[in-house]
Amino acid sequence: MNSEYQDLDNIVLAMDELQTDPIIITYLISHLLTRDSVFHQPRVGCVKCKSTGELVYPHSWIELPGGWIIDLRLNQTFNTLDSYPHGIFEPSSYRDLQYFGMPLIVPEFELSELDEMTDSMFSKLFSLQGMDIRVSGGRYDCI
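These lines cover the structure that appears in this document, whether it is placed above or below. Everything numeric here is computed off the predicted structure, so don't read it as measured data. (Residues numbered from 1 in each chain as written. Predicted model: local features only at pLDDT ≥ 70, side-chain atom pairs only at ≥ 80, totals over all residues. Heavy atoms only, no water.)

**Topic: the pairing of strand β1 (residues 41-49)**
Alignment of β1 against strand β2 (residues 55-63), held across seven bridges, turns out to be antiparallel. Paired with valine 44 across the two strands is serine 60, which belongs to β2. Where β1 folds back on β2, the antiparallel hairpin that results is connected by five residues, among which glycine 53 adopts a positive phi of roughly 80°. With seven bridges joining them, β1 and strand β5 (residues 97-103) adopt antiparallel strand pairing. Each bridged residue has a counterpart across the sheet, and for arginine 43 the counterpart in β5 is proline 103. (Pairing = 2+ DSSP bridges. Helix = DSSP H or I, 4+ residues; strand = E, 2+ residues; numbered from the N terminus.)

**A few points about the packing of aromatic side chains**
As enumerated under the stated definition, the model contains five aromatic pairs in all. Centroid distance tyrosine 27 to phenylalanine 109: 5.4 Å. Interplanar angle 45°. Geometry classified as tilted. Taken together, the residues tyrosine 27 in helix α2 (residues 22-35) and phenylalanine 109 in the loop between β5 and α4 (111-117) connect sequence positions 82 residues apart. Assessed through its relative accessible area of 16%, tyrosine 27 is described here as buried. Through a chain of ring-to-ring contacts, the aromatic side chains of Trp61, Phe89, Tyr94 and Tyr99 assemble into a single cluster. (Phe/Tyr/Trp six-rings, centres within 6.5 Å; stacked < 30°, edge-to-face > 60°. Buried < 20%, exposed > 50% of the residue type's maximum accessible area, 1.4 Å probe, protein only.)

Below you can see the structure in the form of structure tokens.
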């Protein structure tokens, strides 16, 4: 893991406790990144496993500067928790996967709406763990 993304990965992995679909997780993570002015591109599309031909559709993820990807639901979709990426990763480490997608427009949400989408778990998750859900934007900016 790129040390630049280690703090962000801790926040992302904490969000894995929110048992919701990939689109909602993408919205939640994008909300945090946007709020803190961190450059990113949410996407929606599909992921193909080249060796098996399996296709996950629809699927969503977030692309970060340097080609890194945030994906919390792919391994659950393929039902093999060890073989597929989870959290923030470099796609070159998983050459058997192909991501195909287009930009996903994420609406602006109030915190109350994010809590409604997650049965109030979004706020509770971070307050219980004492985590700061702010991300240092300057460390992840892409010029």
